[in-house]
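# Structural overview for review
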Amino acid sequence: MLFERFEVKGLAHYSYAVGCQTAGEMAIVDARRDVDVYIEFAAAQGMRITHVLETHIHADYASGAHALAAETGATLYVSGHDSGEIFEVNFPHTDMSNGDEVTLGAVRLRALHTPGHTPEHLSFLVFDGARSAEVPELMLSGDFLFVGSLGRPDLLGEKAKLSLARAMFGSVRDRIADLPDGLEVHPAHGAGSMCGAGMSGRAYSTLGYERIANPFLDPKLSEDAFVDKLIGCVPPFPDYYRRMKALNSEGPAVLDGLPGQVAVAADEFQRLAEAGHLVIDLRDQLSFGAGHVPGALGIGAGPNLSTWAAWVVPPDAPLLLVGNGAEDAEGAARSLVRVGLDDIRGFLAGGMNEWEQAGLETETLPQLRPQELSSELGNGSEPNVVDVRSDAEWSAGHIDGAVHIMGEEISKRLAEVPDSDLPLALVCGSGYRSTVAASVLRRAGYERVINVTGGMDAWSRAGLPVSAE
(Lines give C-alpha, C1' and ligand atoms only; values in the text may rest on other atoms or scores of the structure.)
Protein backbone atom coordinates (compact mmCIF):
# COMPACT_ATOMS: atom_id res chain seq x y z
CA MET A 1 0.00 0.00 0.00
CA LEU A 2 1.19 3.49 -0.83
CA PHE A 3 0.57 6.12 1.83
CA GLU A 4 1.86 9.69 1.75
CA ARG A 5 1.13 12.80 3.83
CA PHE A 6 1.25 16.34 2.37
CA GLU A 7 1.55 19.26 4.78
CA VAL A 8 0.71 22.96 4.47
CA LYS A 9 2.48 24.38 7.51
CA GLY A 10 0.74 27.73 7.94
CA LEU A 11 -2.72 26.18 7.83
CA ALA A 12 -1.48 23.13 9.76
CA HIS A 13 -3.28 21.10 7.09
CA TYR A 14 -2.62 17.50 6.15
CA SER A 15 -3.86 15.80 3.00
CA TYR A 16 -3.14 12.24 1.97
CA ALA A 17 -2.43 9.96 -0.96
CA VAL A 18 -3.53 6.34 -0.55
CA GLY A 19 -3.05 3.80 -3.29
CA CYS A 20 -2.14 0.40 -4.58
CA GLN A 21 1.09 0.29 -6.59
CA THR A 22 0.15 -3.01 -8.22
CA ALA A 23 -3.08 -1.57 -9.60
CA GLY A 24 -1.45 1.78 -10.32
CA GLU A 25 -4.37 3.61 -8.69
CA MET A 26 -4.31 6.37 -6.12
CA ALA A 27 -6.84 8.33 -4.06
CA ILE A 28 -6.27 11.82 -2.66
CA VAL A 29 -8.09 12.75 0.56
CA ASP A 30 -8.78 16.37 1.62
CA ALA A 31 -6.85 18.02 -1.20
CA ARG A 32 -5.46 21.53 -0.91
CA ARG A 33 -6.25 24.13 -3.57
CA ASP A 34 -2.96 24.12 -5.53
CA VAL A 35 -3.36 20.56 -6.76
CA ASP A 36 -0.29 20.30 -8.98
CA VAL A 37 1.60 18.73 -6.08
CA TYR A 38 -0.64 15.65 -6.24
CA ILE A 39 -0.49 15.35 -10.00
CA GLU A 40 3.30 15.54 -9.94
CA PHE A 41 3.48 13.03 -7.10
CA ALA A 42 1.28 10.53 -8.92
CA ALA A 43 3.36 10.88 -12.09
CA ALA A 44 6.56 10.30 -10.12
CA GLN A 45 5.03 7.10 -8.71
CA GLY A 46 3.86 5.95 -12.13
CA MET A 47 0.27 5.90 -10.87
CA ARG A 48 -3.08 7.46 -11.75
CA ILE A 49 -5.29 9.51 -9.46
CA THR A 50 -8.59 7.68 -9.84
CA HIS A 51 -10.43 8.80 -6.70
CA VAL A 52 -10.70 12.11 -4.83
CA LEU A 53 -12.36 12.04 -1.40
CA GLU A 54 -13.46 14.70 1.07
CA THR A 55 -14.04 14.10 4.77
CA HIS A 56 -16.37 17.13 5.05
CA ILE A 57 -17.13 20.64 3.82
CA HIS A 58 -14.05 22.46 5.06
CA ALA A 59 -14.12 25.83 6.81
CA ASP A 60 -10.46 26.78 7.14
CA TYR A 61 -9.14 26.43 3.59
CA ALA A 62 -10.36 26.30 0.00
CA SER A 63 -10.63 22.70 -1.08
CA GLY A 64 -8.85 21.43 -4.17
CA ALA A 65 -11.03 18.34 -4.52
CA HIS A 66 -13.28 19.81 -7.21
CA ALA A 67 -10.31 21.02 -9.27
CA LEU A 68 -8.29 17.83 -8.84
CA ALA A 69 -11.16 15.66 -10.02
CA ALA A 70 -11.70 17.95 -13.01
CA GLU A 71 -8.03 17.90 -13.99
CA THR A 72 -7.47 14.16 -13.60
CA GLY A 73 -10.87 12.71 -14.50
CA ALA A 74 -10.99 11.03 -11.10
CA THR A 75 -14.29 10.27 -9.42
CA LEU A 76 -15.06 12.78 -6.67
CA TYR A 77 -16.63 11.38 -3.50
CA VAL A 78 -18.18 13.52 -0.78
CA SER A 79 -20.44 12.79 2.14
CA GLY A 80 -24.04 12.02 1.34
CA HIS A 81 -25.01 12.97 4.88
CA ASP A 82 -25.19 16.67 3.93
CA SER A 83 -28.75 16.45 2.63
CA GLY A 84 -30.96 19.09 4.24
CA GLU A 85 -28.10 20.62 6.23
CA ILE A 86 -27.13 24.30 6.29
CA PHE A 87 -24.27 23.57 3.89
CA GLU A 88 -24.65 21.08 1.07
CA VAL A 89 -22.27 20.22 -1.77
CA ASN A 90 -23.66 21.81 -4.93
CA PHE A 91 -21.30 20.58 -7.64
CA PRO A 92 -21.15 17.20 -9.43
CA HIS A 93 -19.95 14.38 -7.19
CA THR A 94 -20.68 10.86 -5.98
CA ASP A 95 -22.23 10.52 -2.53
CA MET A 96 -20.68 8.30 0.10
CA SER A 97 -22.61 7.15 3.13
CA ASN A 98 -21.68 5.25 6.24
CA GLY A 99 -20.20 1.87 5.27
CA ASP A 100 -19.67 2.67 1.59
CA GLU A 101 -16.30 1.67 0.14
CA VAL A 102 -13.99 2.50 -2.73
CA THR A 103 -11.45 -0.03 -3.95
CA LEU A 104 -7.96 0.60 -5.30
CA GLY A 105 -6.58 -2.82 -6.18
CA ALA A 106 -5.83 -4.48 -2.83
CA VAL A 107 -6.58 -1.30 -0.89
CA ARG A 108 -10.04 -0.30 0.37
CA LEU A 109 -11.34 2.90 1.95
CA ARG A 110 -14.52 2.55 4.00
CA ALA A 111 -16.59 5.59 4.96
CA LEU A 112 -17.42 6.00 8.63
CA HIS A 113 -19.97 8.70 9.46
CA THR A 114 -18.49 10.67 12.37
CA PRO A 115 -20.63 13.81 12.87
CA GLY A 116 -19.80 16.46 15.44
CA HIS A 117 -17.40 18.87 13.77
CA THR A 118 -19.94 19.05 10.94
CA PRO A 119 -23.15 17.05 10.43
CA GLU A 120 -21.91 15.31 7.29
CA HIS A 121 -18.39 14.46 8.45
CA LEU A 122 -16.86 11.20 7.26
CA SER A 123 -13.72 9.45 8.41
CA PHE A 124 -12.12 6.81 6.21
CA LEU A 125 -10.91 3.42 7.42
CA VAL A 126 -8.10 2.19 5.18
CA PHE A 127 -7.61 -1.55 4.66
CA ASP A 128 -4.44 -2.97 3.12
CA GLY A 129 -5.58 -6.26 1.65
CA ALA A 130 -2.00 -7.45 1.31
CA ARG A 131 -1.85 -7.53 5.12
CA SER A 132 -5.44 -7.92 6.38
CA ALA A 133 -8.73 -7.72 4.57
CA GLU A 134 -10.69 -7.50 7.81
CA VAL A 135 -8.73 -5.20 10.13
CA PRO A 136 -8.14 -1.57 9.08
CA GLU A 137 -4.56 -0.35 9.22
CA LEU A 138 -5.30 3.33 9.60
CA MET A 139 -8.06 5.92 9.83
CA LEU A 140 -8.08 9.23 7.99
CA SER A 141 -10.02 11.08 10.65
CA GLY A 142 -10.38 14.50 9.00
CA ASP A 143 -11.49 17.07 11.56
CA PHE A 144 -13.19 14.51 13.79
CA LEU A 145 -10.35 13.07 15.87
CA PHE A 146 -7.12 15.02 16.19
CA VAL A 147 -3.98 14.01 18.04
CA GLY A 148 -4.90 15.11 21.54
CA SER A 149 -8.19 16.78 20.68
CA LEU A 150 -11.45 16.76 18.73
CA GLY A 151 -12.93 19.04 16.09
CA ARG A 152 -14.72 22.19 17.21
CA PRO A 153 -18.54 21.88 17.05
CA ASP A 154 -19.46 25.55 16.48
CA LEU A 155 -18.94 26.01 12.73
CA LEU A 156 -22.67 26.27 12.03
CA GLY A 157 -23.40 28.86 14.70
CA GLU A 158 -24.70 28.94 18.23
CA LYS A 159 -28.00 27.18 17.51
CA ALA A 160 -26.31 24.10 16.04
CA LYS A 161 -23.35 24.01 18.44
CA LEU A 162 -25.01 22.03 21.22
CA SER A 163 -26.51 19.39 18.92
CA LEU A 164 -23.19 18.95 17.11
CA ALA A 165 -21.35 18.57 20.41
CA ARG A 166 -23.79 15.82 21.37
CA ALA A 167 -23.31 14.22 17.96
CA MET A 168 -19.57 14.28 18.60
CA PHE A 169 -20.14 12.42 21.85
CA GLY A 170 -21.97 9.74 19.89
CA SER A 171 -19.17 9.52 17.34
CA VAL A 172 -16.58 9.09 20.09
CA ARG A 173 -18.57 6.59 22.14
CA ASP A 174 -20.29 4.58 19.41
CA ARG A 175 -18.71 4.97 15.97
CA ILE A 176 -15.15 4.11 16.95
CA ALA A 177 -15.85 1.90 19.97
CA ASP A 178 -15.10 -1.39 18.20
CA LEU A 179 -12.01 -0.24 16.33
CA PRO A 180 -8.66 -1.72 17.44
CA ASP A 181 -6.19 0.10 19.66
CA GLY A 182 -3.45 -0.39 17.07
CA LEU A 183 -5.32 1.62 14.44
CA GLU A 184 -3.23 4.56 13.23
CA VAL A 185 -5.06 7.90 13.37
CA HIS A 186 -4.13 10.44 10.68
CA PRO A 187 -6.07 13.72 11.01
CA ALA A 188 -6.50 16.62 8.57
CA HIS A 189 -4.83 19.11 10.93
CA GLY A 190 -2.09 19.45 13.51
CA ALA A 191 -0.97 21.95 16.11
CA GLY A 192 -1.63 25.53 15.02
CA SER A 193 -4.99 24.88 13.38
CA MET A 194 -8.05 26.58 14.85
CA CYS A 195 -10.31 23.67 13.92
CA GLY A 196 -9.85 22.34 17.43
CA ALA A 197 -8.18 23.19 20.74
CA GLY A 198 -5.02 21.77 22.23
CA MET A 199 -3.81 19.65 19.33
CA SER A 200 -0.50 17.87 19.71
CA GLY A 201 2.48 18.70 17.54
CA ARG A 202 2.64 15.07 16.40
CA ALA A 203 1.24 14.38 12.95
CA TYR A 204 -0.41 11.07 13.85
CA SER A 205 -1.20 8.76 16.73
CA THR A 206 -2.89 5.45 17.44
CA LEU A 207 -6.43 5.02 18.62
CA GLY A 208 -5.18 3.16 21.69
CA TYR A 209 -2.95 6.01 22.74
CA GLU A 210 -5.73 8.55 22.16
CA ARG A 211 -7.98 6.44 24.38
CA ILE A 212 -5.36 6.81 27.10
CA ALA A 213 -4.18 10.39 26.59
CA ASN A 214 -6.85 12.36 24.73
CA PRO A 215 -8.92 14.17 27.41
CA PHE A 216 -12.07 13.97 25.30
CA LEU A 217 -11.91 10.19 25.06
CA ASP A 218 -12.05 9.72 28.82
CA PRO A 219 -14.74 7.02 29.31
CA LYS A 220 -15.68 8.49 32.69
CA LEU A 221 -17.05 11.66 31.08
CA SER A 222 -20.84 11.81 31.03
CA GLU A 223 -22.46 13.22 27.91
CA ASP A 224 -23.19 16.53 29.63
CA ALA A 225 -19.64 16.79 31.00
CA PHE A 226 -18.24 15.93 27.57
CA VAL A 227 -20.37 18.61 25.89
CA ASP A 228 -19.37 21.23 28.45
CA LYS A 229 -15.70 20.34 28.05
CA LEU A 230 -15.80 20.43 24.25
CA ILE A 231 -17.75 23.68 23.99
CA GLY A 232 -15.77 25.31 26.76
CA CYS A 233 -12.41 25.16 24.99
CA VAL A 234 -13.17 26.18 21.40
CA PRO A 235 -10.64 28.69 19.98
CA PRO A 236 -11.73 32.13 18.71
CA PHE A 237 -13.94 31.83 15.65
CA PRO A 238 -12.29 33.12 12.46
CA ASP A 239 -14.77 35.18 10.44
CA TYR A 240 -13.39 33.83 7.17
CA TYR A 241 -14.57 30.32 8.08
CA ARG A 242 -18.09 31.26 6.99
CA ARG A 243 -16.76 32.35 3.60
CA MET A 244 -14.80 29.12 3.21
CA LYS A 245 -17.83 26.98 4.05
CA ALA A 246 -19.89 28.72 1.38
CA LEU A 247 -17.05 28.55 -1.15
CA ASN A 248 -16.46 24.84 -0.60
CA SER A 249 -20.16 24.11 -0.81
CA GLU A 250 -20.36 25.66 -4.25
CA GLY A 251 -16.95 24.39 -5.37
CA PRO A 252 -13.96 26.73 -5.76
CA ALA A 253 -13.19 27.68 -9.34
CA VAL A 254 -10.83 25.47 -11.30
CA LEU A 255 -7.74 27.64 -11.76
CA ASP A 256 -5.91 27.90 -15.05
CA GLY A 257 -2.51 27.97 -13.37
CA LEU A 258 -1.54 30.23 -10.51
CA PRO A 259 -2.96 33.77 -10.81
CA GLY A 260 -0.89 36.91 -10.60
CA GLN A 261 2.30 35.66 -12.21
CA VAL A 262 2.66 38.87 -14.22
CA ALA A 263 5.29 41.54 -13.61
CA VAL A 264 3.73 45.01 -13.48
CA ALA A 265 5.83 48.13 -14.09
CA ALA A 266 5.93 50.70 -11.30
CA ASP A 267 3.84 53.37 -13.04
CA GLU A 268 1.08 50.90 -13.91
CA PHE A 269 1.30 49.38 -10.44
CA GLN A 270 0.77 52.84 -8.95
CA ARG A 271 -2.22 53.47 -11.21
CA LEU A 272 -3.84 50.18 -10.19
CA ALA A 273 -3.15 50.78 -6.48
CA GLU A 274 -4.70 54.23 -6.66
CA ALA A 275 -7.69 52.75 -8.52
CA GLY A 276 -8.51 50.46 -5.61
CA HIS A 277 -6.30 47.39 -5.98
CA LEU A 278 -5.07 46.18 -2.58
CA VAL A 279 -1.31 45.83 -2.24
CA ILE A 280 0.12 42.99 -0.14
CA ASP A 281 3.76 43.53 0.79
CA LEU A 282 5.46 40.17 1.28
CA ARG A 283 8.71 41.44 2.75
CA ASP A 284 9.92 41.22 6.34
CA GLN A 285 8.89 43.70 9.03
CA LEU A 286 12.03 45.84 8.82
CA SER A 287 11.92 46.14 5.02
CA PHE A 288 8.23 46.98 5.15
CA GLY A 289 8.85 49.52 7.89
CA ALA A 290 11.63 51.23 5.96
CA GLY A 291 9.36 52.02 3.02
CA HIS A 292 6.33 50.53 1.26
CA VAL A 293 3.63 51.39 -1.23
CA PRO A 294 1.10 53.68 0.48
CA GLY A 295 -1.83 51.72 1.86
CA ALA A 296 -0.13 48.32 1.56
CA LEU A 297 -0.81 45.52 4.01
CA GLY A 298 2.40 44.12 5.46
CA ILE A 299 1.84 40.34 5.46
CA GLY A 300 5.22 38.68 5.18
CA ALA A 301 5.74 35.72 2.85
CA GLY A 302 6.03 32.31 4.43
CA PRO A 303 3.86 29.78 6.22
CA ASN A 304 1.64 32.36 7.95
CA LEU A 305 0.58 34.23 4.83
CA SER A 306 -2.51 32.10 4.13
CA THR A 307 -3.96 32.49 7.59
CA TRP A 308 -3.30 36.20 8.00
CA ALA A 309 -4.48 37.07 4.52
CA ALA A 310 -7.69 35.15 5.21
CA TRP A 311 -8.19 37.20 8.37
CA VAL A 312 -7.50 40.71 7.08
CA VAL A 313 -7.78 40.83 3.26
CA PRO A 314 -11.25 41.72 1.90
CA PRO A 315 -12.30 38.69 -0.20
CA ASP A 316 -13.55 40.78 -3.13
CA ALA A 317 -10.44 42.98 -3.48
CA PRO A 318 -8.23 42.71 -6.58
CA LEU A 319 -4.71 42.10 -5.29
CA LEU A 320 -1.21 43.25 -6.17
CA LEU A 321 1.96 41.81 -4.65
CA VAL A 322 5.26 43.35 -3.63
CA GLY A 323 8.15 41.01 -2.96
CA ASN A 324 11.48 39.97 -4.35
CA GLY A 325 10.46 38.81 -7.79
CA ALA A 326 8.63 35.94 -9.46
CA GLU A 327 9.58 33.36 -6.86
CA ASP A 328 7.89 35.34 -4.08
CA ALA A 329 4.86 35.89 -6.32
CA GLU A 330 4.48 32.17 -6.94
CA GLY A 331 4.71 31.23 -3.29
CA ALA A 332 2.31 34.00 -2.32
CA ALA A 333 -0.20 32.99 -4.97
CA ARG A 334 -0.20 29.43 -3.64
CA SER A 335 -0.82 30.74 -0.12
CA LEU A 336 -3.61 33.07 -1.23
CA VAL A 337 -5.57 30.65 -3.40
CA ARG A 338 -5.51 28.15 -0.53
CA VAL A 339 -7.90 30.51 1.27
CA GLY A 340 -9.91 31.51 -1.80
CA LEU A 341 -8.16 34.80 -2.57
CA ASP A 342 -7.83 34.25 -6.31
CA ASP A 343 -8.04 37.73 -7.81
CA ILE A 344 -4.30 38.40 -7.96
CA ARG A 345 -3.44 40.78 -10.79
CA GLY A 346 0.37 40.77 -10.69
CA PHE A 347 3.52 41.70 -8.80
CA LEU A 348 5.70 44.80 -8.78
CA ALA A 349 8.46 44.39 -11.36
CA GLY A 350 11.79 45.10 -9.73
CA GLY A 351 10.23 45.31 -6.27
CA MET A 352 10.51 48.40 -4.10
CA ASN A 353 13.85 49.29 -5.69
CA GLU A 354 12.08 50.06 -8.97
CA TRP A 355 9.30 51.92 -7.12
CA GLU A 356 11.77 54.13 -5.30
CA GLN A 357 13.94 54.69 -8.37
CA ALA A 358 10.83 55.90 -10.20
CA GLY A 359 10.47 58.59 -7.51
CA LEU A 360 7.10 57.33 -6.35
CA GLU A 361 5.72 58.10 -2.90
CA THR A 362 6.41 55.67 -0.05
CA GLU A 363 5.07 55.25 3.46
CA THR A 364 7.05 54.06 6.46
CA LEU A 365 6.15 52.16 9.60
CA PRO A 366 8.42 53.44 12.39
CA GLN A 367 10.16 50.75 14.41
CA LEU A 368 10.78 51.01 18.14
CA ARG A 369 13.13 48.70 20.02
CA PRO A 370 11.81 47.32 23.33
CA GLN A 371 14.40 49.27 25.32
CA GLU A 372 13.29 52.49 23.61
CA LEU A 373 9.65 51.72 24.28
CA SER A 374 10.42 51.01 27.93
CA SER A 375 12.16 54.37 28.22
CA GLU A 376 9.25 56.20 26.60
CA LEU A 377 6.78 54.48 28.92
CA GLY A 378 8.68 56.03 31.78
CA ASN A 379 8.40 59.63 30.63
CA GLY A 380 5.50 62.00 30.12
CA SER A 381 4.88 61.29 26.42
CA GLU A 382 4.27 57.58 26.62
CA PRO A 383 2.57 55.83 23.68
CA ASN A 384 -0.48 53.61 23.96
CA VAL A 385 0.66 49.99 23.74
CA VAL A 386 -1.62 47.57 21.87
CA ASP A 387 -0.77 43.89 22.34
CA VAL A 388 -2.07 41.82 19.40
CA ARG A 389 -1.09 38.36 20.65
CA SER A 390 -3.42 35.50 21.58
CA ASP A 391 -5.32 35.31 24.85
CA ALA A 392 -2.94 32.64 26.17
CA GLU A 393 0.14 34.72 25.33
CA TRP A 394 -1.39 37.78 26.95
CA SER A 395 -2.22 35.88 30.12
CA ALA A 396 1.33 34.53 30.35
CA GLY A 397 2.69 38.08 30.64
CA HIS A 398 2.36 41.46 28.95
CA ILE A 399 3.52 45.06 29.17
CA ASP A 400 1.87 46.84 32.06
CA GLY A 401 -0.88 49.18 30.86
CA ALA A 402 -1.17 47.64 27.39
CA VAL A 403 -4.51 47.15 25.65
CA HIS A 404 -5.16 43.63 24.39
CA ILE A 405 -6.77 43.16 20.95
CA MET A 406 -5.95 39.99 19.05
CA GLY A 407 -4.42 40.92 15.70
CA GLU A 408 -6.81 38.65 13.84
CA GLU A 409 -9.71 40.76 15.10
CA ILE A 410 -8.19 44.25 14.87
CA SER A 411 -10.22 45.39 11.86
CA LYS A 412 -13.55 44.63 13.54
CA ARG A 413 -12.52 45.97 16.96
CA LEU A 414 -11.37 49.42 15.95
CA ALA A 415 -13.66 50.92 18.57
CA GLU A 416 -11.39 49.40 21.23
CA VAL A 417 -8.22 50.96 19.82
CA PRO A 418 -7.12 53.82 22.12
CA ASP A 419 -8.23 57.13 20.63
CA SER A 420 -5.88 59.91 21.67
CA ASP A 421 -3.10 62.11 20.37
CA LEU A 422 -0.54 59.60 21.58
CA PRO A 423 1.07 57.18 19.10
CA LEU A 424 0.07 53.52 19.05
CA ALA A 425 2.90 51.05 19.70
CA LEU A 426 1.88 47.59 18.47
CA VAL A 427 3.52 44.50 19.92
CA CYS A 428 3.22 40.77 19.28
CA GLY A 429 5.58 37.86 19.84
CA SER A 430 8.25 38.66 17.26
CA GLY A 431 6.99 41.55 15.13
CA TYR A 432 5.20 39.67 12.34
CA ARG A 433 1.64 39.94 13.63
CA SER A 434 2.11 43.49 14.87
CA THR A 435 3.28 44.49 11.38
CA VAL A 436 0.10 43.04 9.91
CA ALA A 437 -2.08 44.75 12.51
CA ALA A 438 -0.21 48.07 12.18
CA SER A 439 -0.75 48.07 8.42
CA VAL A 440 -4.46 47.39 8.95
CA LEU A 441 -4.65 50.37 11.30
CA ARG A 442 -2.80 52.60 8.84
CA ARG A 443 -5.35 51.71 6.14
CA ALA A 444 -8.12 52.49 8.63
CA GLY A 445 -6.77 56.01 9.06
CA TYR A 446 -4.55 55.74 12.13
CA GLU A 447 -1.46 57.76 11.27
CA ARG A 448 0.73 57.54 14.37
CA VAL A 449 1.39 53.80 14.44
CA ILE A 450 4.67 52.22 15.54
CA ASN A 451 5.84 48.61 15.40
CA VAL A 452 7.79 47.18 18.34
CA THR A 453 10.72 45.42 16.71
CA GLY A 454 11.16 41.85 17.91
CA GLY A 455 7.99 41.97 19.98
CA MET A 456 7.64 40.42 23.41
CA ASP A 457 10.39 37.92 22.67
CA ALA A 458 12.87 40.79 22.42
CA TRP A 459 11.24 42.55 25.37
CA SER A 460 11.75 39.49 27.57
CA ARG A 461 15.30 38.89 26.36
CA ALA A 462 16.10 42.47 27.36
CA GLY A 463 14.95 41.66 30.91
CA LEU A 464 12.15 44.21 30.84
CA PRO A 465 9.23 43.79 33.26
CA VAL A 466 5.99 41.99 32.40
CA SER A 467 2.64 41.99 34.14
CA ALA A 468 0.23 39.08 34.59
CA GLU A 469 -2.65 41.28 35.76
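Residues numbered from 1 in each chain as written. Predicted model: local features only at pLDDT ≥ 70, side-chain atom pairs only at ≥ 80, totals over all residues. Heavy atoms only, no water.

### Focus on the packing of helix α9 (residues 305-312) against helix α14 (residues 432-443)
To be explicit about the condition: Where helices are involved, their axes are fitted lines through C-alpha atoms of the stretch in contact, as for all axes, and angles between N-to-C directions lie from 0 to 180°. In this description a helix means any DSSP run of H or I spanning at least four residues, a strand means any run of E spanning at least two, and both kinds are numbered starting from the N terminus. Should an angle lie under 35 degrees it is considered roughly parallel, over 145 roughly antiparallel, and from 65 to 115 roughly perpendicular; all remaining angles are considered oblique. In this scheme the handedness of a crossing depends on how the near helix is turned from the far one: anticlockwise by less than a right angle means left-handed, clockwise means right-handed. When checking whether two residues touch, look at their non-hydrogen atoms; a contact exists if any pair is within 4.5 Å. Amino acids outside the nonpolar list (Ala, Val, Leu, Ile, Met, Phe, Trp, Tyr, Cys, Pro) and the charged list (Asp, Glu, Lys, Arg) are all regarded as polar, and Gly is one of them.
Interhelical geometry of α9 versus α14 gives an angle of 25 degrees and a closest axis separation of 12 Å. Classified by the angle between their axes, α9 and α14 sit roughly parallel to one another. The handedness of the crossing between α9 and α14 comes out as right-handed. Together, Leu305, Trp308 and Val312 of α9 and Tyr432, Arg433, Val436 and Val440 of α14 make up the contact between the two elements. Class assignment of the residues belonging to the contact of α9 with α14 gives a composition of six nonpolar, no polar and one charged.

### Topic: the nonpolar core
This is how the line gets drawn: In these notes, a set of buried Ala, Val, Leu, Ile, Met, Phe, Trp, Tyr and Cys residues joined through side-chain atoms within 4.5 Å is what counts as a nonpolar core. For the exposure calls, accessible area comes from a 1.4 Å probe over protein chains only, and a residue counts as buried if that area is under 20% of its type's maximum, exposed if over 50%, partly exposed in between.
One finds Phe269, Ile299, Val312, Val313, Leu319, Leu321 and Leu426 to be the most contacted residues of the largest nonpolar core, which totals 68 residues. Beyond its immediate sequence surroundings of up to four residues, Val313 is in contact with Leu278, Ile280, Leu297, Ile299, Leu319 and Leu341. In this structure, Met26, Met47, Val78 and Ala160 belong to the second largest nonpolar core, which totals 26 residues.

### A look at the packing of aromatic side chains
Here is the rule: Aromatic contacts are taken between Phe, Tyr and Trp rings whose centres are within 6.5 Å, Trp giving its six-membered ring; a plane angle under 30 degrees counts as stacked, one over 60 as edge-to-face, and the others as tilted. The rule for a charge over a ring is simple: NZ of Lys or CZ of Arg within 6 Å of the ring centre, and within 35 degrees of the ring normal.
Per the stated rule, a full pass over the model turns up nine aromatic pairs. Note on Phe169 and Phe226: the rings are 5.2 Å apart at their centroids and 65 degrees apart in plane angle, and the pair reads as edge-to-face. Residue Phe169 is located in helix α3 (residues 158-175), and its partner Phe226 is located in helix α5 (residues 223-232); the two are separated by 57 residues in the primary sequence. Taking 6.5 Å as the distance between ring centres and 80 degrees as the angle between the ring planes, the aromatic pair formed by Phe216 and Phe226 counts as edge-to-face. Separated by 10 residues along the polypeptide, Phe216 in the loop between α4 (207-213) and α5 and Phe226 in helix α5 bring together distant segments of the chain. In this structure Phe226 comes out as buried when scored by relative accessible area, which is 0%. The structure contains a cluster of three or more aromatic residues connected by ring pairs, namely Phe237, Tyr240, Tyr241 and Trp311. One residue, Arg108, lies across the ring of Phe127, its end atom 4.3 Å from the ring centre. Lys229 extends its terminal NZ or CZ atom over the ring of Phe216, reaching a point 6.0 Å from the ring centre.

### Some points on the sheet that holds strand β20 (residues 367-368)
The cut-off we apply is this: Here the rule is simple: two strands pair whenever DSSP picks up at least two bridges between them.
In space, the five strands of this open sheet follow the order β20-β24-β23-β21-β22, with parallel pairing throughout. The outermost strands of the open sheet, each flanked by one partner alone, are β20 and β22 (403-404). Of the strand pairs in this sheet, strand β21 (residues 384-387) and β22 are connected by two bridges, and their pairing is parallel. Looking at β22, one finds that Asp387 is bridged to His404.

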